[in-house]
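# Structural features, examined
Below, each chain spelled out in residue letters.
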Amino acid sequence: MAINYNLSKVYALSDNDAEFVNEILTLFVTEVPDDLVQIKEGIKKKDHKHAYAYAHKIKPTLDLMGLNVAFEEILQIEAWTKAEGKKKDIKETFKSVKNQVNDAIKEIKKDFDL
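As the structure is a prediction and not an experimental result, all values here were calculated from the model. Position numbers for residues count from 1 along each chain, tracking the sequence in the order it is written. With pLDDT at 70 or above as the cut-off, local features in this predicted model cover only qualifying residues; side-chain atom pairs require 80 or more to be listed or tallied, and sums for whole chains, interfaces and linings still use all residues. Side-chain metrics in this entry use all non-hydrogen atoms of the structure; hydrogen atoms and water are not considered.

## Quick look at the overall build of the protein chain
Numbering of helices and strands runs from the N terminus; a helix is a DSSP stretch of H or I covering at least four residues, while a strand is a stretch of E covering at least two. Of the regular secondary structure elements, the protein chain holds five helices and zero strands. Secondary structure elements in the protein chain, listed N-terminal to C-terminal, are α-α-α-α-α. Over its C-alpha trace the protein chain gives a radius of gyration of 14 Å, about what one expects of a compact globule, namely 13 Å for 114 residues. Residue burial is assigned from relative accessible area. The probe radius is 1.4 Å, only protein chains are included, and a residue is buried under 20% of its type maximum, exposed over 50%, and partly exposed in between. Burial status across the protein chain gives 37% buried among its 114 residues. We call two residues contacting when some pair of their heavy atoms lies within 4.5 Å. Taking contacts inside the protein chain between residues at least 6 apart in sequence as the whole, the part at least 24 apart equals 64%. Throughout, radius of gyration means the C-alpha value; the globule benchmark is 2.2 Å times the number of residues raised to the power 0.38.

Okay, here's the thing in structure tokens:
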């Protein structure tokens with residue numbers, strides 16, 4: 001049973017096509033961690049545009065995968081980039097997003113043998 005993610009939107013989008021769902025999950029598991037690394041780099045280097053680009057990129061995926069808290073927090077990261085905020089103001093929010101994504105990935109890999 002999914003604890004860290006919710007695939008209802010994925011199934012609705014795919015008309016319950018298991019192959020399509022598997023492709024979405026594979027993309028999530030393989031691409032989102034790399035995007036998180038890029039957000040972290042943008043935060044670390046205070047490259048707000050870089051952090052924004054990758055936060056914006058993963059935002060719809062977080063929504064699609066039912067990571068509602070992470071989705072709200074990625075909105076906070078986007079707002080931080082637009083305000084060109086200080087690193088210390090967003091570090092914990094980023095850690096929270098990263099942890100939620102990592103928990104979902106572990107669970108998806110286990111649940112779907114990816």
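From this point, things continue past the structure.
## Some details on the UniProt feature "modified residue: Phosphohistidine" (unreviewed entry) in the protein chain
Annotation from UniProt places "modified residue: Phosphohistidine" (unreviewed entry) at His56. With respect to the element layout, His56 can be found in helix α3 (residues 48–64). UniProt positions are given in the numbering used here, feature names are shortened, and annotations may be inferred rather than shown by experiment.

## Some points on the packing of helix α2 (residues 18–44) against α3
As a rule, the C-alpha atoms of each element are fitted with a line to give its axis, helices using only the stretch in contact, and angles between N-to-C directions run from 0 to 180 degrees. At their nearest, the axes of α2 and α3 sit 9 Å apart, and the two run at 150 degrees to each other. On the basis of the axis angle, α2 is roughly antiparallel to α3. The two elements α2 and α3 cross, and the hand of that crossing is left-handed. Here α2 contributes Ile24, Phe28, Val32, Asp35, Leu36, Gln38, Ile39, Gly42 and Ile43 to the contact with α3, which in turn contributes His50, Ala51, Tyr54, Ala55, Lys57, Ile58, Thr61 and Leu64. Class assignment of the residues belonging to the contact of α2 with α3 gives a composition of eleven nonpolar, four polar and two charged. Roughly parallel refers to an angle under 35 degrees, roughly antiparallel to one over 145, roughly perpendicular to one between 65 and 115, and oblique to any angle outside these ranges. Crossings are classed by handedness, with left-handed meaning an anticlockwise turn of the near helix from the far one by less than a right angle and right-handed meaning a clockwise turn. Residues are grouped as follows: nonpolar covers Ala, Val, Leu, Ile, Met, Phe, Trp, Tyr, Cys and Pro; charged covers Asp, Glu, Lys and Arg; every other residue, Gly included, is treated as polar.

## Observations regarding the UniProt feature "domain: HPt" (unreviewed entry) in the protein chain
Mapped onto this structure's residue numbering, the UniProt feature "domain: HPt" (unreviewed entry) falls at residues 17–114. For residues 17–114, the end-to-end C-alpha separation is 17 Å, with 84% helix and 0% strand making up the annotated structure.

## Here's the deal with unusual backbone geometry
Despite not being glycine, Glu84 has its phi angle at roughly 50 degrees, a positive value. Glu84 sits in the exposed class, given a relative accessible area of 56%. Residues other than glycine seldom take positive phi values, yet Asp113 does so here, at roughly 50 degrees. Locating Asp113 in the fold gives a position in the segment after α5 (91–112). Its relative accessible area of 72% is what places Asp113 among the exposed residues.

## Some points on the environment of Gly85
Mapping Gly85 onto the fold places it in the loop between α4 (68–83) and α5. Gly85 sits 42 residues away from Ile43 along the chain, and the two C-alpha atoms are 9.5 Å apart.

## Looking at the nonpolar core
Among the buried residues, those of types Ala, Val, Leu, Ile, Met, Phe, Trp, Tyr and Cys that are joined through side-chain atoms within 4.5 Å form a nonpolar core. The biggest cluster of nonpolar side chains holds 31 residues, and the ones touching the most others in it are Phe28, Ile39, Met65, Leu67 and Val101. Elements supplying a minimum of two residues to this core: α2, α3, α4 and α5. Examining the composition of this core, we find that nine residues originate from one element, α2, more than from any other. Not counting the four nearest positions on each side in its chain, Phe28 is found in contact with Pro33, Thr61, Met65, Leu67, Val101, Ala104, Ile105 and Ile108.

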